[in-house]
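So the chains spell out like this:
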Amino acid sequence: MKRELLSRINQIVLEVLFRGFRVLYREDSRVRKEIRQWKDGLTLKLVCGPRGAVLAMRKDPDRGVARIRRAQRADITMRFKSVEGAFRVLSGQVGVADAYAAHLFFLEGDIYQTMSFVRCVEYLEAYLFPGFMTKRILKEVPGKEVSSLLVYGKALLESGR
């Protein structure tokens with residue numbers, strides 16, 4: 001029961017993450033710059049443990065990222081070892097860098113492109129998490145170019161496609 005609940009929460013957070021990427025591509029110049037540097041058609045997949053939630057997306061020249069069906073093979077895959085480990089990262093209990101150091105996930109793909117993706121996630125965390133959380137999970141908290149409220153509002157209205 002606990003695993004199923006955490007898996008559902010992970011799926012919701014992945015949806016917010018995806019929509020947040022789309023919003024920040026339009027609203028934050030740093031995220032836009034990072035994504036524009038990705039190779040055309042780059043595919044990314046986040047897998048939240050065995051039989052857990054999955055987010056698969058690719059670089060889209062117009063929208064930054066677009067959702068794709070669960071790609072069997074992606075250019076970059078972050079595969080969490082467990083649903084619980086994914087939950088710890090997605091809920092802001094542990095930062096991505098610390099999760100990698102603690103071996104909570106496997107990384108498949110180009111580390112350079114992955115670091116760009118992680119920078120985008122850190123920008124997104126700065127918008128979506130309160131300051132006390134971001135100070136705990138990020139080495140350096142990036143500034144905001146727009147208000148967090150705007151990002152939340154637009155993410156709620158953003159298409160999930």
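Everything below is about the structure printed above this text.
K.L.:
What should I look at first to understand the pattern of salt bridges in this one?
P.N.:
Pairing between side chains of opposite charge can happen when the charged atoms of each approach one another. By the definition in use, this model includes 15 salt bridges. Measuring nitrogen to oxygen at the nearest pair gives 2.6 Å for the salt bridge that ties Arg19 to Glu15. Linking Arg19 with Glu15, this pair stays in helix H1 (residues 2–27), spanning four residues, or about one helical turn. With a closest N to O distance of 3.4 Å, Arg79 and Glu108 form a salt bridge.

K.L.:
Help me understand the nonpolar core, please; the structure alone is not making it clear to me.
P.N.:
Nonpolar side chains in soluble globular proteins tend to be buried together. Ranked by size, the top nonpolar core spans 40 residues in total, and within it Leu14, Leu17, Phe21, Ile35, Trp38, Met57 and Phe117 carry the most contacts. The element best represented in this core is helix H5 (residues 111–128), accounting for eight residues. Setting aside chain neighbours within four positions, we find Ile35 in contact with Phe21, Tyr25, Lys59, Gly64, Val65 and Cys120.

K.L.:
Could you clarify how one ought to interpret unusual backbone geometry in this entry?
P.N.:
Residues other than glycine predominantly adopt negative phi, and peptide bonds predominantly adopt the trans conformation. Residues other than glycine seldom take positive phi values, yet Arg51 does so here, at roughly 60°. Residue position: Arg51 is located in the loop between strand E1 (43–48) and strand E2 (54–60). Here Arg51 falls in the exposed class, since its relative accessible area comes to 73%. The phi dihedral of His103 falls on the positive side, at around 60°, and the residue is not glycine. Structurally, the position occupied by His103 is in the loop between helix H4 (96–101) and strand E5 (105–108).

Definitions and cut-offs
Residues numbered from 1 in each chain as written. Predicted model: local features only at pLDDT ≥ 70, side-chain atom pairs only at ≥ 80, totals over all residues. Heavy atoms only, no water. Salt bridge = Lys/Arg side-chain N within 4 Å of Asp/Glu carboxyl O. Helix = DSSP H or I, 4+ residues; strand = E, 2+ residues; numbered from the N terminus. Core = buried A, V, L, I, M, F, W, Y, C linked by side-chain atoms within 4.5 Å. Buried < 20%, exposed > 50% of the residue type's maximum accessible area, 1.4 Å probe, protein only. Contact = heavy atoms within 4.5 Å.

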